[in-house]
Amino acid sequence: MKIWLDGGLRDAGTARVSVFDHGLTVGDGVFETVKADRGRAFALTRHLERLTTSARGLGLPAPDLDEVRRGCEAVLDANPMALGRLRITYTGGVSPLGSDRGEAGPTLVVALSETTRRPDTTAAVTVPWTRNERGALAGLKTTSYGENVVALARARELGASEALFGNTVGALCEGTGSNVFVVLDGELHTPPLTSGCLAGITRALTVTWAGAKETDLPLDALESAEEIFLTSTLRDVQAVTRIDGRQLGDRPGPVTAEAMRIFDERSAADFDPR
Ligand SMILES: Cc1ncc(COP(=O)(O)O)c(C=O)c1O
């Protein structure tokens, strides 16, 4: 396996970043997860735009997107596989042991791992912890993901693959690594970005392609929703058939099935939708 680190391809087993890297010591970094379908990165332009937005929000210098593209291409070419998780990580680089960032300049890593297509249905749970829609990192895809690690572990303990958060005012927000859609009275809704959720790329494409409304919803809308689905880079559109203790059928409902179909069709027709 080859990865990209600081300007070139390296052997994944021996590539090293400093123990003083600010991404490691304090989570000062941003990242993207990109779907690699038979060696092609899906929606790479949107992912690179979001990488830049996240970097700016964290006060990191804007990444050199030509280099990031070169890194992605080199890693994909060096490691052929059917379906991959392409991971771009961009951190504050070597820094003092504290929250002040050093002068050494950022670290860029592009790595890849093989994965398999997700099942069409899954289970999710709600968790008691909140997303902070007013926090400094709201809406940024940073490597400070400890809250997501804890919440996802809770979901796994309960036999689910995703944990859903409300925000500080009790509104429905997002999952640890996905956005959430609900069907209420036959209409498709997803929380607005002001809820503090990440501006998911799959979410944005699904809103446009399947025609969802962006609506402020209480967390307990999950209790009355006729259908629920998740969107993310590696889930695409995935039906939730069990939420907490409630079963919502054993297959995707009609609105979800249609969103899945549209997403598959449109994403196959355009690999870099703008
Ligand atoms: C917190 C969070 N929300 C939502 C998403 C979904 O975003 P995307 O569709 O761009 O993968 C992700 C990530 O992948 C995420 O980490």
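Everything that follows concerns the structure shown earlier in this document.
Cut-offs and rules
Residues numbered from 1 in each chain as written. Predicted model: local features only at pLDDT ≥ 70, side-chain atom pairs only at ≥ 80, totals over all residues. Heavy atoms only, no water. Helix = DSSP H or I, 4+ residues; strand = E, 2+ residues; numbered from the N terminus. Buried < 20%, exposed > 50% of the residue type's maximum accessible area, 1.4 Å probe, protein only. Contact = heavy atoms within 4.5 Å. Polar contact = N/O pair within 3.5 Å; in protein donor to acceptor, adjacent residues only side chain to side chain. Expected span 1.5 Å × (residues − 1). Salt bridge = Lys/Arg side-chain N within 4 Å of Asp/Glu carboxyl O. Near = heavy atom within 4 Å. Nonpolar A, V, L, I, M, F, W, Y, C, P; charged D, E, K, R; others polar. Pairing = 2+ DSSP bridges.

Draft legend 1. Geometry of the environment of E32. Among the secondary structure elements, E32 is positioned in strand β3 (residues 29-37). The buried category is assigned to E32, whose relative accessible area is 0%. Residues E32 and T143, spaced 111 residues apart in sequence, show a C-alpha to C-alpha distance of 9.6 Å. Setting aside residues no more than four positions away along its own chain, E32 makes contact with H47, R50, L51, L86, R87, I88, K141 and I201. Here R50 takes part through its side chain, which lies 2.8 Å from a polar atom of the side chain of E32.

Draft legend 2. Inspection of helix α2 (residues 44-58) at higher detail. If you check α2, its first and last C-alpha atoms are 21 Å apart, about what 15 residues at 1.5 Å a residue would give, namely 21 Å. Of the residues making up α2, those classed as buried are L44, T45, H47, L48, R50, L51, T52, S54, A55 and L58.

Draft legend 3. Region of the structure containing the pattern of salt bridges. In total, this model carries 13 salt bridges according to the counting rule given. Between R101 and D28 there is a salt bridge; the shortest N-O distance is 2.7 Å. With R101 in the loop between β5 (83-91) and β6 (107-114) and D28 in the loop between α1 (22-26) and β3, the pair connects residues that are 73 residues apart, well separated along the chain. On the accessibility criterion, D28 (6% relative accessible area) is buried.

Draft legend 4. Up close: the site of the ligand. Looking at the ligand, there are 16 residues lining it, with Y145, E174, I201, T202 and T233 nearest. The separation between an oxygen atom of the ligand and a polar side-chain atom of T202 is 2.6 Å. Secondary-structure elements contributing two or more residues to the shell around the ligand are β9 (172-175) and α5 (201-210). Residue composition of the shell around the ligand, by class: three nonpolar, nine polar and four charged.

Draft legend 5. Main features of the pairing of strand β14 (residues 236-243). Of all the eight residues making up β14, seven are buried; the element is thus mostly covered by neighbouring parts of the structure. The pairing of strand β7 (residues 121-131) with β14 spans four bridges and is parallel. Across the sheet, residue A124 finds its bridge partner in β14, namely I243. The sheet contact formed by strand β13 (residues 227-232) and β14 spans five bridges and is antiparallel. Bridged to T231 within β14 is V237.

Draft legend 6. Region of interest: the side chain of T107. Mapping T107 onto the fold places it in strand β6. The class of T107 is buried, set by a relative accessible area of 9%. Within the structure, T107 has its side chain in polar contact with the side chain of D21 (distance 2.5 Å). Look past the residues within four positions of T107 in its chain and what remains in contact with it is L5, D6, V17, D21, T89, Y90, T91 and G93.

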